[in-house]
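Single-letter residue listing:
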Amino acid sequence: MRYFRLAKEVERVLLTVETGHSLRSNRAIGTYLELRLDEKDPNTCILTVTSDDKDWVDASFSAVHDVLTKCKNKNGWARTAWTQFSAQIIGVTLGFVFSLWAAARIAPTLAIENSFVIAFLFVLLMFSNVWTYLNQRILWLLNAVFPNLKFYRPDKERLHRLMQTIVGSIVVAIVMYVLSHVFSFLVDILSGFVRKGT
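Our subject in this report is the structure included herewith. Predicted model, so just to flag it, every value in this text is computed and none were measured.

### Things to note about the sheet that holds strand β1 (residues 12-18)
Backbone-to-backbone hydrogen bonds pair the strands of a sheet. The strands run either parallel or antiparallel. Taken together, three strands build an open sheet; the order of strands is β1-β2-β3 and the sheet is antiparallel. The open sheet terminates on both sides in strands that have one partner only, identified here as β1 and β3 (46-50). Averaged over all adjacent pairs, the angle separating strand axes in this sheet is 0°, with direction ignored. Direction of pairing for strand β2 (residues 32-38) relative to β3: antiparallel, over a ladder of five bridges. When the sheet's bridge partners are listed, Y32 is paired in β3 with T50. Packed on one face of the sheet, helix α3 (residues 54-70) meets β2 and β3 and runs near 160° to β3.

### Comments concerning the pattern of salt bridges
Per the counting criterion, the structure on display carries four salt bridges. Across the salt bridge formed by D38 and R36, the nearest N and O atoms sit 3.4 Å from each other. With a relative accessible area of 24%, R36 lands in the partly exposed category. The residue D58 makes a salt bridge to K54 at a minimum N-O spacing of 2.9 Å. Residue D58 and its partner K54 are located together in helix α3, separated by four residues, close to a single helical turn. With a relative accessible area of 58%, K54 lands in the exposed category. Residues joined in a network through salt bridges with shared partners are E11, R12, R36 and D38.

### Description of the nonpolar core
One recurring pattern in soluble globular proteins: nonpolar side chains tend to sit buried together. By size, the foremost hydrophobic cluster in this structure holds nine residues: V10, L33, L35, L37, V49, V57, V64, L149 and F151. If you list the elements that add at least two residues to this core, you get β2 and α3. At three residues, the largest contribution of residues to this core is made by β2. When near neighbours in sequence (up to four residues on either side) are disregarded, L37 contacts E11, R12, V13, C45, L68, L149 and F151. Formed by five residues, the second largest nonpolar core is a distinct cluster that contains L142, V145, F146 and V167.

### Section: α3
For α3, built from 17 residues, the straight-helix expectation of 24 Å at 1.5 Å per residue is met to within 8% by its first-to-last C-alpha distance of 24 Å. All of the buried residues in α3 are V57, S60 and V64. When α3 is viewed along its axis, its buried side chains cluster within an angular range of 80° and face the same direction. Exposed residues on α3 whose side chains face more than 90 degrees from its buried face are K54, D55 and K70. As for α3, its buried residues are in contact with β2 and β3. The backbone nitrogen of D55 lies 3.2 Å from a side-chain oxygen of the residue at the head of α3, namely D53.

### Some remarks on the side chain of S22
Tracing the backbone shows S22 in helix α2 (residues 20-24). Note on S22: relative accessible area 0%, which makes it buried. A polar contact is formed between the side chain of S22 and the side chain of E18, at a distance of 3.0 Å. Setting aside chain neighbours within four positions, we find S22 in contact with R27, I29, G30, T31 and Y32.

### Observations regarding the side chain of E39
Structurally, E39 can be placed in the loop between β2 and β3. On the basis of relative accessible area, E39 is assigned to the buried category, the value being 15%. In contact with E39, not counting residues within four places along its chain, are V10, E11, L149, K150 and F151.

Definitions and cut-offs
- Residues numbered from 1 in each chain as written.
- Predicted model: local features only at pLDDT ≥ 70, side-chain atom pairs only at ≥ 80, totals over all residues.
- Heavy atoms only, no water.
- Pairing = 2+ DSSP bridges.
- Helix = DSSP H or I, 4+ residues; strand = E, 2+ residues; numbered from the N terminus.
- Axes fitted to C-alpha atoms, helices over the stretch in contact; angles between N-to-C directions.
- Contact = heavy atoms within 4.5 Å.
- Salt bridge = Lys/Arg side-chain N within 4 Å of Asp/Glu carboxyl O.
- Buried < 20%, exposed > 50% of the residue type's maximum accessible area, 1.4 Å probe, protein only.
- Core = buried A, V, L, I, M, F, W, Y, C linked by side-chain atoms within 4.5 Å.
- Expected span 1.5 Å × (residues − 1).
- Arc of directions from axis to C-beta.
- Polar contact = N/O pair within 3.5 Å; in protein donor to acceptor, adjacent residues only side chain to side chain.

Printed below as a string of structure tokens:
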């Protein structure tokens, strides 16, 4: 625990309990329990319990599972497929709107036929190439700010909590901004239908 508290950064914790038979046989026979918690790669987080004694396996697995269940974080809402889908849809929508805006600015300076369409397609093509990398960085940022697993050390985690608050506030502000513009766009369209109908 002293090394855990003093470490500048903790990437993973590995706890192993083994019997002599397990050590000598390279875990082919014998009893062992291994808990691996990895902050950087959630796919390598494992809990393995093996023994010939069924009661020991059940009791050990249940005890470790109960402790891990008490330590759940609330980052699951930000780590769903819906979050990735939302980031993709919002990013593509903003890219489309940006392409329209940029084409409207660029088109008057071009001395070619269909300058708006050509400028729009060029900007959209450039954005689509940039978006591939930008989307990866956005998802990396979400995973960094809302990790699957975070080793909590109160004296060293204040900055992380601040970053969570800032990113959460920015996301809420962007969503509200986009929704307000979508709503006003829909109201404009619906009001156009109402005027035409009367």
